[in-house]
Amino acid sequence: MAHQEGSGHDRLQLAMAEVHAANSNWAAVVEHAWPVAQHQSSLGGSSLTTQMQMHASLTCVRALMTQGKDEQATQLAQQAVKQSDDFLSREEVTPAKQQAHLEATTCLAGVMHATGDSEGADAQCQTALTLVHDDDDASGGVLPKSAVAAALKQAAALRLAQGQLSEAAGLFGQACAAADQCQEAGSSTSLRPPVWQQQVAADVMLGAAQTAAAQHSWDKAEELLSKALNLAEQLHGGDSQTPQVGVVLGLLGHVYARSKRITLAEGLHRQAVKLLRVDPSASPSEALPVHSSLAAAGAWRYSQLLTALPRRDTEASAWKQFAAAHSPIELESVLGPLDILKGGKDIGSGIVVDLLMLRALPCW
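Residues numbered from 1 in each chain as written. Predicted model: local features only at pLDDT ≥ 70, side-chain atom pairs only at ≥ 80, totals over all residues. Heavy atoms only, no water.

J.: Any chance you could explain the overall build of the chain here in plain terms?
T.: From N to C terminus, the chain includes 16 helices and two strands. Its C-alpha atoms give the chain a radius of gyration of 20 Å, within 12% of the compact-globule value 21 Å for 364 residues. Reported as C-alpha extents along the three principal axes, the dimensions of the chain are approximately 70 × 45 × 35 Å. Looking at the chain as a whole, 56% of its 364 residues are labelled buried. Partitioning the contacts of the chain with sequence separation of at least 6, the portion at a separation of at least 24 is 65%. Entry remark: accessible area of the chain is about 15300 Å², with carbon and sulfur atoms responsible for 51%. Across the chain, the mean location of the 25 positive side-chain charges is 7 Å away from that of the 37 negative side-chain charges. (Helix = DSSP H or I, 4+ residues; strand = E, 2+ residues; numbered from the N terminus. Rg over C-alpha atoms; globule rule 2.2 N^0.38 Å. Buried < 20%, exposed > 50% of the residue type's maximum accessible area, 1.4 Å probe, protein only. Contact = heavy atoms within 4.5 Å. Areas by Shrake-Rupley, 256 points an atom, 1.4 Å probe, with all protein chains shown as cover. Lys, Arg positive; Asp, Glu negative; His and termini not counted. Charge placed at Lys NZ, Arg CZ, Asp CG, Glu CD.)

J.: Would you mind going over the environment of A128 with me for this structure?
T.: Here A128 shows up in helix α6 (residues 118-137). Put simply, A128 and S166 are 38 residues apart on the chain and 20 Å apart in space, counted from C-alpha to C-alpha. The contacts of A128, once residues within four sequence positions are left out, are L102, T105, T106 and A151.

J.: How do you make sense of empty space enclosed by the protein when you look at a structure like this?
T.: Take a probe with the size of a water molecule and roll it over the atoms, and the empty space left behind shows itself. Under the criterion given, the structure shown has three cavities of 30 Å³ or more. If you add up the space inside the largest cavity, you get close to 370 Å³. In terms of lining, the largest cavity is formed by 24 residues, of which the most central are L58, R62, C107, W196 and L356. Where the lining of the largest cavity is concerned, the elements lending two or more residues are α3 (47-67), α5 (95-114), α7 (145-161) and α9 (194-214). In terms of residue class, the lining of the largest cavity is built from 11 nonpolar, six polar and seven charged. Taken as a whole, the second largest cavity encloses approximately 130 Å³ of empty space. Around the second largest cavity, the lining is made up of 14 residues, and of these V247, G250, L251, L294 and G298 lie nearest the centre. Elements supplying a minimum of two residues to the lining of the second largest cavity: α12 (243-258), α13 (262-275), α14 (292-307) and β1 (351-354). Among the residues forming the lining of the second largest cavity, the class breakdown is nine nonpolar, four polar and one charged. (1 Å grid on protein atoms, 1.4 Å probe; cavity = no way out; pocket = protein on both sides within 12 Å on 5 of 7 lines; lining within 4 Å. Points joined across faces, edges and corners; volume = space filled by probe spheres on them. Nonpolar A, V, L, I, M, F, W, Y, C, P; charged D, E, K, R; others polar.)

J.: It is not clear to me how the layout of surface pockets should be interpreted in this structure. Could you clarify?
T.: Within this model, the largest pocket holds a volume of roughly 590 Å³. Among the elements of the structure, α7, α9, α10 (218-233), α12, α14, α16 (332-335) and β1 are those that each provide at least two residues to the lining of the largest pocket. Taken together, the residues of the lining of the largest pocket sort by class into 20 nonpolar, 10 polar and three charged. The volume enclosed by the second largest pocket comes to roughly 310 Å³. Along the walls of the second largest pocket sit 21 residues, with S293, P328, I329, A360 and P362 positioned nearest its centre.

J.: How should I be thinking about the packing of aromatic side chains in this particular structure?
T.: In this description, a pair of aromatic rings is defined by centroid distance and the angle of the planes. Under the criterion given, the structure shown has two aromatic pairs. Centroid distance W319 to F322: 6.3 Å. Interplanar angle 65°. Geometry classified as edge-to-face. Here W319 pairs with F322, and both are found in helix α15 (residues 313-325), just three residues apart, close to one helical turn. These aromatic residues form a ring-pair network of at least three members: Y302, W319 and F322. Cation over ring: R261 sits above Y256, and NZ or CZ is 4.1 Å from the ring centre. (Phe/Tyr/Trp six-rings, centres within 6.5 Å; stacked < 30°, edge-to-face > 60°. Lys NZ or Arg CZ within 6 Å of the ring centre and 35° of its normal.)

J.: I keep staring at the environment of H9 and nothing clicks. Help me out?
T.: Relative to the helices and strands, H9 is located in helix α1 (residues 2-22). Assessed through its relative accessible area of 46%, H9 is described here as partly exposed. It is 9.2 Å that separates the C-alpha atoms of H9 and V36, two residues lying 27 residues apart in sequence.

J.: Could you clarify how one ought to interpret the pairing of β1 in this entry?
T.: Remember that side chains alternate between the two faces of the sheet whenever the strand is regular. Alternating residues of β1 divide into I351 and V353 and V352 and D354, and every residue in both groups is buried. Looking at chain direction, β1 and strand β2 (residues 359-362) are connected through four bridges and run antiparallel. Of the residues in β2, the one forming a bridge with I351 is P362. What sits between β1 and β2 in their antiparallel hairpin is a turn of four residues, with L358 showing a positive phi close to 50°. (Pairing = 2+ DSSP bridges.)

J.: Honestly, the state of the cysteines in this entry has me stumped. Any pointers?
T.: Note: disulfide means a covalent bond formed between the sulfur atoms of two cysteine side chains. All chains considered together, the criterion is met by zero disulfides. The thiol of C107 is unpaired, and the distance to the nearest cysteine sulfur, on C60, comes to 10 Å. Taking relative accessible area as the criterion, C107 reaches 16% and is therefore assigned buried. (Disulfide = S-S within 2.5 Å.)

J.: What is the right way to look at the confidence of the model for the chain in this model?
T.: For any part of a model where pLDDT is low, the fine detail of the predicted coordinates should not be relied upon. Summing up the model confidence of the chain, the mean pLDDT is 90 and the portion of residues at 70 or higher is 92%. Per-element confidence in the chain ranges from a low mean pLDDT of 79 for helix α11 (residues 235-238) to a high of 98 for β1. Across residues 1-5, confidence stays below pLDDT 50; counting only partners more than four residues off in sequence or on other chains, it has two contacts. (pLDDT = per-residue confidence, 0-100.)

Structure follows, in structure tokens:
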């Protein structure tokens, strides 16, 4: 009875964490999910506690990464992988334990990519891909398609960051196919909220679009971004004024700008920075709903656009200063010079935008 009451309380805490996630209150997300992530391991290895603990841990990791608390997030992600290994070593291997292992491995891969550990990310992605392929070979697979899609997407994002565009496109294609199957019977879990599948699908589509953009296939990138925008607008009860929508609009504006549709691009960028709550006149201490890397990238690209427009130099300078203040690296080397839309040399290494962590991942 006490165990059931504890589980009920933890479910409530996780539900509250999801409410705060919908409002981009990442500190409150951690406050509610962290205790569940820390004490569930002592309750045994049942399917329910396995799923609940992993859900809480990965929810915390995502929120910590968005806040820029990388060391804490890395430790928790590593702990989740270790615990998932322990789950698999206990008696019977169940689909819930396999799912926990795949999700933890995928999460750690994303954390390592975000923090610049390309070798570590590659190793975790290879492990995740092996788990997916082994599951696919086992009589059709038992893993939820949302977990499969997330794993394939993480591996694809790494390949995109490494400049392996053909392989990235193939993996994103597989991820899209898995995401399309998320609504089928048996693809969901009792603990993951319905919005999770939608978030994964939107993130997958966004990655596919970024791959097309990296290949300068602007028409295809626009088509995929339109689909990603539709998915993002369906999150959180159909609210179209969310940071997730802002992220997609920013990328769509980038595609429009690079395909010479400057006026349309300006409107999209303006709406994007508004939804990201990025404002050069705001207090530097004001909390952002996205990671500072994404805010800085959005500001820099808006500054690039304004530089290409007549009589917008003052605004362009303000956005440049905001971007520089929120980025630990020199943005010109990543996103190109401010005059890139006026013929400046495209020397940037680029970024990969992650919709689940609301963060710009590095490229190499």
